[in-house]
Amino acid sequence: MKKVMRMVKIKKAEYVLSAAWKSQWPEESFPEMCLAGRSNVGKSSFINAMLNHNGLAKVSGTPGKTRTLNFFNVNDALYFVDVPGYGYAKVNDSITKQFGKTMDEYITLRSTLRGFILLVDYRHKPTKDDVLMYEFVKHHDVPVMVVATKEDKLKRNDLKKNEKIIKDTLGFHPEDKFVRFSSLRKKGIEEAWNFIYELCDINFN
């Protein structure tokens, strides 16, 4: 039976705060979806498209510079928690280690975390960092949605081939979700929201 896509009604989407330390995290009030991806994968475009709010999530002029968890309030019912892009060569070891600790604390201690969105570039094989992030989250039994960005830049004949490469490289678990996404074509938005609805038990209507 084909799953029915639900209409998405975004009435409120706003930046709340950036937290470098656990003590700065907001109170655990709403279910949370954490988003991560390599620098320049299109994460800001994904957030803006999902929330129908151009410019809400901004692209950093220096990718990988900020090492904070960025919280976005969605309809007073959900938090998007944005993890700054990884895999940027100019980030020094001390920042990388501190951020790793922050991520470990967030994934293991945050009781309101419901799922993880891993963004990868549809055109390329996932990087070592992508694989490590996926394995880390799955180790902690967190449901994952893999979002393959920039779908519009691929030829139609390459869609299935590249999807297989991505899944094989990550060691993709069958219970997880794979979404072909294009912020330009607005493709994959409702499919991604369906996954979030199910995990977070929310309804924006």
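Residues numbered from 1 in each chain as written. Predicted model: local features only at pLDDT ≥ 70, side-chain atom pairs only at ≥ 80, totals over all residues. Heavy atoms only, no water.

- Going by an unreviewed UniProt entry, the chain carries the name Probable GTP-binding protein EngB and comes from Thomasclavelia ramosa DSM 1402.
- The record held by UniProt for the chain lists under Cofactor (unreviewed entry) the comment "Mg(2+)". (UniProt positions renumbered as here; feature names shortened; annotations may be inferred.)

## Quick word on the overall build of the chain
Step number 1: Counting its regular elements, the chain contains five helices and seven strands.
Step number 2: When the elements of the chain are put in sequence order from the N terminus, they spell out β-β-α-β-β-α-β-α-β-α-β-α.
Step number 3: Burial statistics for the chain: of 205 residues in total, 50% are counted as buried.
Step number 4: Sequence-distant contacts, at least 24 apart, represent 78% of the contacts inside the chain between residues at least 6 apart.
Step number 5: Looking at the chain as shown, the accessible area adds up to about 10,900 Å², and 49% of this sits on carbon and sulfur atoms. (Helix = DSSP H or I, 4+ residues; strand = E, 2+ residues; numbered from the N terminus. Buried < 20%, exposed > 50% of the residue type's maximum accessible area, 1.4 Å probe, protein only. Contact = heavy atoms within 4.5 Å. Areas by Shrake-Rupley, 256 points an atom, 1.4 Å probe, with all protein chains shown as cover.)

## Describing the environment of D176
Step number 1: Position of D176 among the secondary structure elements: in the loop between α4 (159-170) and β7 (177-180).
Step number 2: Residues D176 and V142, 34 residues apart in the sequence, show an inter-C-alpha distance of 9.6 Å.
Step number 3: Excluding residues that lie within four positions of it along the chain, D176 makes contacts with Y134, K138, P143 and V144.
Step number 4: Within polar-contact distance, the side chain of D176 engages the side chain of K138 at 3.1 Å. (Polar contact = N/O pair within 3.5 Å; in protein donor to acceptor, adjacent residues only side chain to side chain.)

## Quick look at the nonpolar core
Step number 1: In this structure, L69, Y106, F116, L118, M133, V146 and I166 are the most contacted members of the largest nonpolar core, which totals 33 residues.
Step number 2: Taken together, the elements giving at least two residues each to this core come down to β2 (32-37), β3 (69-74), β4 (78-82), α2 (93-109), β5 (113-121), α3 (128-139), β6 (144-149) and α4.
Step number 3: The contacts of Y106, once residues within four sequence positions are left out, are W25, E32, C34, L69, V81 and L113.
Step number 4: By size, the runner-up hydrophobic cluster in this structure holds 31 residues, among which are A49, M50, L56 and F181. (Core = buried A, V, L, I, M, F, W, Y, C linked by side-chain atoms within 4.5 Å.)

## Remarks on the packing of aromatic side chains
Step number 1: Inspection of the entire model under this criterion finds ten aromatic pairs.
Step number 2: Between F71 and Y79, the aromatic rings sit 5.8 Å apart at their centres with planes inclined by 85°, giving edge-to-face as the arrangement. In this structure, F71 and Y79 share a single accessibility class: buried.
Step number 3: Linked through ring pairs, Y122, Y134, F172 and F178 together constitute an aromatic cluster. (Phe/Tyr/Trp six-rings, centres within 6.5 Å; stacked < 30°, edge-to-face > 60°.)

## What about the sheet that holds strand β1 (residues 13-19)?
Step number 1: The strand order across the open sheet built from seven strands is β1-β3-β4-β2-β5-β6-β7, with neighbouring strands paired in mixed fashion. Two strands in the sheet have a free side with no partner beyond their single neighbour: β1 and β7. Adjacent strand axes in the sheet meet at a mean angle of 25°, parallel and antiparallel pairs treated alike.
Step number 2: Here β2 runs beside β4; their pairing, made up of four bridges, is parallel. Bridge pairing in β4 links C34 to V81. (Pairing = 2+ DSSP bridges. Axes fitted to C-alpha atoms, helices over the stretch in contact; angles between N-to-C directions.)

## Examining helix α5 (residues 189-200)
Step number 1: Across its twelve residues, α5 extends 16 Å between first and last C-alpha, which sits within 8% of the 16 Å expected from 1.5 Å per residue.
Step number 2: Those residues of α5 not exposed but buried are I189, A192, W193, N194, F195, I196, Y197 and C200.
Step number 3: Backbone geometry just downstream of α5 places D201 in the positive-phi region, at approximately 55°. (Expected span 1.5 Å × (residues − 1).)

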